[in-house]
Amino acid sequence: FSMETDLRRALQMGELELHYQPLVDLDTGLLSGFEALARWQHADLGAISPVDFIPVAEESGLIVPLGRWALEEAAKTIALWDERLPGQQDFRISVNMSAVQIQRDDVVEAVSSALRGANIAGNRMTLELTESAFINDPDGAKRLLDNLKSLDTNLAMDDFGTGYSNLAYLQQLPIDVLKIDRSFVSEMMVNKDKRAIVRTVLSLARALGMKTTAEGIESSEISEVLRRLGCSVGQGYYFARPMTGDAAYAFLVADK
Ligand code: G
Ligand code: G
Ligand code: MN
Ligand code: NA
């Protein structure tokens, strides 16, 4: 079995799906949006995790069509849910963009075309990027983020704290949100070093005028501590696991 061959076919046959995990405003307890997460149900092998197929997509170049598919699918989902729900909508959907995808594709064009295709405003979408996307070419990365920002999209730095963080450089980037990696959040009650890192990221974000999302929240206790520390948004199994589009839509309706 070649994962690359099967993944190429899965993309062509529409066998990948997006699932959606709720993002919750810690102050109000209300839903603020969802993170879109790719899922692959292989006909013979069952579910294959993105932890396994995203690296294959990156090595083979399939990350370009896969990344465009995820942007288009998320944009269409926003338009579909808007149409089904009465009144003014404000939920956002976040889409992950890998460093390799950014190097290999014109992602500004990809995002703009997904927004246009679904006829939605840029501010309905958040793009999650990782620090690794910025190391090699800092000037190019700044230009890219400025261009994505000119589409009015929201920009989040994913897995923050795990990579290379040049703080002077971070301050120059038009980042809206720091996403605190779950390796710090999940152990913050039992490990004081991790708790110190969470606090530091929260105060850094405040100083730079950025919002924060904590991922991997698995208890009410952690959620409450983060809220008191001023974290804006929470994500994790305590609130909800990633779910199908239909389940996520029901979650959205129940929240309104
Ligand atoms: O959903 P799960 O925890 O299994 O995701 C594992 C990893 O796969 C996460 O790091 C997530 O960011 C990544 N991932 C999921 N969907 C996508 C996607 O559409 N594009 C990219 N680049 N990464 C994704
Ligand atoms: O790298 P990224 O932040 O995109 O990864 C998101 C991944 O984290 C998703 O695969 C999602 O399934 C997973 N995830 C989300 N909430 C939790 C949680 O509370 N606990 C754990 N262990 N994983 C989570
Ligand atoms: Mn993410
Ligand atoms: Na993350």
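In what follows, the structure referred to is the one given above.
Quantities reported herein were computed from a predicted structural model and do not represent experimental measurements. (Residues numbered from 1 in each chain as written. Chains lettered and ligands numbered in written order. Predicted model: local features only at pLDDT ≥ 70, side-chain atom pairs only at ≥ 80, totals over all residues.)

Counting its regular elements, the chain contains eleven helices and nine strands. Here the C-alpha coordinates of the chain stretch approximately 45 × 45 × 40 Å along the principal axes. Within the chain, the proportion of its 256 residues that are buried is 38%. Considering only residue pairs separated by 6 or more positions, the chain has 65% of its internal contacts joining residues 24 or more positions apart. (Helix = DSSP H or I, 4+ residues; strand = E, 2+ residues; numbered from the N terminus. Buried ≥ 20, exposed ≤ 12 C-beta atoms within 10 Å, placed from the backbone. Contact = placed C-beta atoms within 7 Å.)

Across the two faces of strand β7 (residues 177-180) the burial is the same, with V177 and K179 and L178 and I180 all buried. Pairing geometry for strand β6 (residues 154-160) and β7, over three bridges, is parallel. From the neighbouring strand, F160 faces β7, where its bridge partner is I180. As judged from the four bridges shared by β7 and strand β8 (residues 211-214), these two strands associate in the parallel manner. Along β8, the bridge assignment pairs V177 with K211. (Pairing = 2+ DSSP bridges.)

This paragraph deals with unusual backbone geometry. In this structure, N119 is a non-glycine residue whose phi angle is positive, near 60°. Its location among the elements puts N119 in the loop between α5 (107-118) and β5 (125-130). Even without a glycine there, the phi angle at D152 is positive, about 75°. For D152, the position within the fold is in the loop between α6 (138-150) and β6. D152 gets classed as exposed once you count the C-beta atoms within 10 Å, which come to 12.

Okay, α6 next. Helix length check: α6, at 13 residues, gives a terminal C-alpha distance of 18 Å against a target of 18 Å (1.5 Å per residue), a fit within 8%. Among all positions of α6, only A141, L145 and L148 are buried. Axial view of α6: buried residues confined to an arc of 60°, hence all on one face. Opposite the buried face of α6, by more than 90 degrees, sit the exposed residues D139, R143 and S150. Residues of α6 that are buried sit in contact with α5, β5 and β6. Following α6 by one or two positions, D152 has its phi on the positive side, about 75°. (Expected span 1.5 Å × (residues − 1). Arc of directions from axis to C-beta.)

Here we take up the nonpolar core. Counting 64 residues, the largest nonpolar core has A74, A75 and V95 as its most contacted members. The element contributing the most residues to this core is helix α3 (residues 63-84), with seven residues. In contact with A75, not counting residues within four places along its chain, are A114, L115, G117, A118, I120 and M125. (Core = buried A, V, L, I, M, F, W, Y, C linked by C-beta atoms within 7 Å.)

If you check the shell around ligand 1, you find L37, A38, S49, P50, V51, I54, A70, N96, M97, S98 and P242 and nothing else. For the shell around ligand 1, the secondary structure elements donating two or more residues are β2 (31-42) and α2 (50-60). Looking at the shell around ligand 1, the element that brings in the most residues is α2, giving three residues. Split by residue class, the shell around ligand 1 holds eight nonpolar, three polar and no charged. (Near = placed C-beta within 6 Å. Nonpolar A, V, L, I, M, F, W, Y, C, P; charged D, E, K, R; others polar.)

Neighbouring residues of ligand 2: 14 residues in total, closest G216, E218, G236, Y237 and P242. Counted by class, the shell around ligand 2 contains four nonpolar, five polar and five charged residues.

Where helix α1 (residues 3-13) meets α2, the axes come as close as 10 Å, and the angle between the chain directions of the two elements is 90°. Of the possible angle classes, the one that applies to α1 and α2 is roughly perpendicular. Residue-level contacts link M3, E4 and L7 of α1 to F53, V56, A57 and S60 of α2. The residue makeup of the contact of α1 with α2, split by class, is five nonpolar, one polar and one charged. (Axes fitted to C-alpha atoms, helices over the stretch in contact; angles between N-to-C directions. Parallel < 35°, antiparallel > 145°, perpendicular 65-115°, else oblique.)

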